[in-house]
Amino acid sequence: MTPAEIAPKDRLIVALDLPSVDAAEAMIARLGDSVSFYKIGYQLAYAGGLPLIGKLADRGKKVFADLKMHDIGNTVTRGVESVAKLGATFVTVHAYPQTMKGAVEGRGSASLKILAVTVLTSYNDDDLHAAGYRLSVSELVEARAQQAQVIGVDGLVSSPEEVGSLRKIVGHQMSLVTPGIRPAGAASGDQKRIMTPGRAITAGADYLVVGRPVVEAADPKAVADAIHAEIVQALG
Ligand SMILES: O=c1ccn([C@@H]2O[C@H](COP(=O)(O)O)[C@@H](O)[C@H]2O)c(=O)[nH]1
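Reading the values: rules and limits
The numbering scheme is per chain: residues are counted from 1 as the chain's sequence reads. Selection of residues for local features in this predicted model requires a pLDDT of at least 70, selection of side-chain atom pairs for listing and counting requires 80 or more, and totals for whole chains, interfaces and linings are taken over all residues. Secondary structure elements are defined from DSSP: runs of H or I of at least 4 residues count as helices, runs of E of at least 2 residues count as strands, and each element is numbered from the N terminus. Expected helix span is taken as 1.5 Å per residue step, with the number of steps being one fewer than the number of residues. Three exposure classes are used, all based on how many other C-beta atoms lie within 10 Å of a residue's own C-beta (placed from the backbone): buried at 20 or more, exposed at 12 or fewer, and partly exposed between those limits. By the convention adopted here, residues make contact when the C-beta atoms placed from their backbones lie within 7 Å. The criterion for a residue being near a molecule or strand is simple: its C-beta atom, placed using the backbone, must lie within 6 Å of it. In the scheme used here, Gly and all other residues not listed as nonpolar or charged are polar, with Ala, Val, Leu, Ile, Met, Phe, Trp, Tyr, Cys and Pro taken as nonpolar and Asp, Glu, Lys and Arg as charged. What counts as an axis is a line fitted to C-alpha atoms, over the stretch in contact for a helix, and the angles between N-to-C directions run from 0 to 180 degrees. To sort the angles, those under 35 degrees are grouped as roughly parallel, those over 145 as roughly antiparallel, those from 65 to 115 as roughly perpendicular, and the leftovers as oblique. What makes a crossing left-handed is the near helix being turned counterclockwise from the far one by less than a right angle; a clockwise turn instead makes it right-handed.

A. Here's a closer look at helix α7 (residues 137-151). Over its 15 residues, α7 runs 21 Å from end to end, which matches the ideal 21 Å to within 8%, given 1.5 Å per residue. If you check which residues of α7 are buried, you get Val137, Val141, Glu142, Arg144, Ala145 and Ala148. In this structure, the buried side of α7 is in contact with α5 (97-107), β5 (113-117), α6 (125-130), β6 (155-157) and α8 (163-170). Residue Gly152 follows α7 closely and has a positive phi angle near 100°.

This is the structure in structure tokens:
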């Protein structure tokens, strides 16, 4: 899907980082028609949230299963085969060659899209060096993007800071999905590579992932609506 084909409303993916299915359902009800795309990650998935993927899909919502798989290739293949039956639009794996190859094999011809997490947005160069890497964040993101493209992965997760260089590498063949989004004045929390929604879209991001600034807001719907307005303005 080229950027022009993505509905502006679908560009905001709200992370349902909440402790229970009841809490997630309450948030979904509060957000109503303002949000069309949700992300289910560790916290909700491990609290019984996986069946919510199919329920949301049945209600016309899109779901990003942010499971960040990383295991031997065969295990990833079988895991992705199972996720492909849940009704999600996206699933994440870490951007290691064996892992990505396993995921592409597991996806087969299913409609599920595989996203490779390049370098987590909570990492900066110092964090990477502390983890034993010699490359900078930008170097590692680019190297992993090139590998992902060759392997046939459908999209990349990176910070918006890398989107410009990633577009030059992968063109519009791969979706660029960016967490690390912070509306002006919002607390960064543990995110280290951040950008505002408008700047991320201008930089070329296809999808923006936003969790705490929405789900911890006093008025989540108002924050989601404001992010949408910023996205639409940036799209011109
Ligand atoms: O590199 C990554 C990959 C995934 N995430 C996920 O996105 C959301 C961001 O939440 P915020 O509250 O807006 O920080 C969260 O679910 C992460 O697991 C990421 O942040 N960075």
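B. Region of interest: the site of the ligand. Around the ligand, the structure places 16 residues, and the nearest of them are Ala15, Thr121, Pro179, Gly211 and Arg212. Looking at the shell around the ligand, the elements that each hand over two or more residues are β8 (207-210) and α10 (212-215). In the shell around the ligand, the residues fall into eight nonpolar, five polar and three charged.

C. Representation of the packing of α5 against α7 in the model. Interaxial distance between α5 and α7 falls to 10 Å at its minimum, and their mutual angle equals 30°. Classified by the interaxial angle, the pair formed by α5 and α7 is roughly parallel. By crossing handedness, the relation of α5 to α7 is classed as right-handed. Residue-level contacts link Pro97, Met100, Lys101 and Val104 of α5 to Gln147, Ala148 and Ile151 of α7.

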